[in-house]
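Residue-level listing of the chains:
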Amino acid sequence: MTYDEFYNHIEQFPKEVTNRDLETYLLALYNLTTQHKDNIFTATLCLELLKQAFTETPVLYNEKWTTIRTMPETDSMSAFDYTQAVILFQIAELHRMRGKELQDKQRYMRITSETGYDWYNFDAFSLLECGAQGLSDYIGKEETIPDDWHFLGDLLDLGRYYE
């Protein structure tokens, strides 16, 4: 599957599922990815997981995640662990921003979290759409998505700050 084809699938999500609070969405995605740890990553599996996360039961927030204050480095762990770490980082960030930055009516113009990370997207649809568009723009629309869990972590991270 090419990056452009993947983006086109993501663009269809609003017609197929109901948007969800981003923290809840990521908690559900964390649950789903954990269940698929031993699966070979494919773009098709990624799309299935991303779509299922709109309806999947989320895991409960674990207070120890609040100590996660930095984005993981891609080369410091396995591809699957990197993706899980990105999800947990974003969950922790959103959890810390409740009642603070997330209340800003202008948040889609950009807010900077207390840990210094910029955010432009605060719902699942915009995060996924911007992440997919960003990857397509950076890598190339006609390039093939690698069978690598890093892709999902990169998609989510880029979705956080790509406009």
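Structural data are supplied above this passage.
Residues numbered from 1 in each chain as written. Predicted model: local features only at pLDDT ≥ 70, side-chain atom pairs only at ≥ 80, totals over all residues. Heavy atoms only, no water.

Asks: Can you explain the overall build of the protein? Please cite residues and give values.
Replies: Of the regular secondary structure elements, the protein holds six helices and two strands. Mapped in sequence order, the helices and strands of the protein form the string α-α-α-α-β-β-α-α. Here the C-alpha atoms of the protein give a radius of gyration of 15 Å, agreeing with the 15 Å that 2.2 N^0.38 yields for 163 residues. Within the protein, the proportion of its 163 residues that are buried is 53%. Considering only intrachain contacts with a sequence separation of at least 6, the fraction spanning at least 24 residues in the protein is 75%. Carbon and sulfur atoms provide 48% of the accessible area of the protein, an area that totals close to 8000 Å². Side chains of the protein carry 14 positive and 28 negative charges; the gap between the two charge centres is 9 Å. (Helix = DSSP H or I, 4+ residues; strand = E, 2+ residues; numbered from the N terminus. Rg over C-alpha atoms; globule rule 2.2 N^0.38 Å. Buried < 20%, exposed > 50% of the residue type's maximum accessible area, 1.4 Å probe, protein only. Contact = heavy atoms within 4.5 Å. Areas by Shrake-Rupley, 256 points an atom, 1.4 Å probe, with all protein chains shown as cover. Lys, Arg positive; Asp, Glu negative; His and termini not counted. Charge placed at Lys NZ, Arg CZ, Asp CG, Glu CD.)

Asks: Please set out the nonpolar core residue by residue, giving values where relevant.
Replies: F6, Y25, L50 and L128 are the most contacted members of the largest nonpolar core, which has 56 residues in total. Elements supplying a minimum of two residues to this core: α1 (3-16), α2 (22-35), α3 (43-52), α4 (79-97), α5 (124-139) and α6 (150-161). In terms of residue count, the dominant contributor to this core is α4 (11 residues). Every residue in contact with F6, bar those within four places of it in the chain, is listed here: M1, A43, C46, L47, L50, A132, I145, F151 and L155. (Core = buried A, V, L, I, M, F, W, Y, C linked by side-chain atoms within 4.5 Å.)

Asks: Break down α5 for me, citing the residues and quoting the values.
Replies: The terminal C-alpha atoms of α5, which comprises 16 residues, lie 22 Å apart, in line with the 22 Å expected from a rise of 1.5 Å per residue. Those residues of α5 that are buried are in contact with α1, α2, α3, α4 and α6. Residue D123 occupies the N-cap position of α5, its side-chain oxygen lying 3.1 Å from the main-chain nitrogen of F125. Of the residues trailing α5, G140 is marked for its positive phi of about 125°. (Expected span 1.5 Å × (residues − 1). Polar contact = N/O pair within 3.5 Å; in protein donor to acceptor, adjacent residues only side chain to side chain.)

Asks: Hey, could you go over the pattern of salt bridges for me, with residue numbers and the actual values?
Replies: Taken as a whole, this structure holds six salt bridges when the rule is applied. One salt bridge connects D157 with R160, and the closest N-O pair in it is separated by 2.9 Å. Residue D157 and its partner R160 are both found in helix α6; the two are separated by three residues, about one turn of the helix. In this structure, D157 and R160 share a single accessibility class: buried. (Salt bridge = Lys/Arg side-chain N within 4 Å of Asp/Glu carboxyl O.)

Asks: Give a detailed account of the packing of α2 against α4, specifying residues and quantitative values.
Replies: Remark: α2 packs on α4, axes separated minimally by 9 Å, with the N-to-C direction vectors making an angle of 155°. On the basis of the axis angle, α2 is roughly antiparallel to α4. Where α2 crosses over α4, the two elements pack in a sense that is left-handed. Contacts between α2 and α4 involve L22, E23, L26, L27, L29, Y30, T33 and T34 from the former and F80, Q84, I87, L88, Q90, I91, L94 and H95 from the latter. Across the contact of α2 with α4, the residue classes break down as 10 nonpolar, five polar and one charged. (Axes fitted to C-alpha atoms, helices over the stretch in contact; angles between N-to-C directions. Parallel < 35°, antiparallel > 145°, perpendicular 65-115°, else oblique. Left-handed = near helix turned anticlockwise from the far one by under 90°. Nonpolar A, V, L, I, M, F, W, Y, C, P; charged D, E, K, R; others polar.)

Asks: Could you give an account of α3, with specific residues and numbers?
Replies: Of all the positions in α3, only A43, L45, C46, L47, L49 and L50 are classed as buried. Buried residues belonging to α3 abut α1, α2, α5 and α6.

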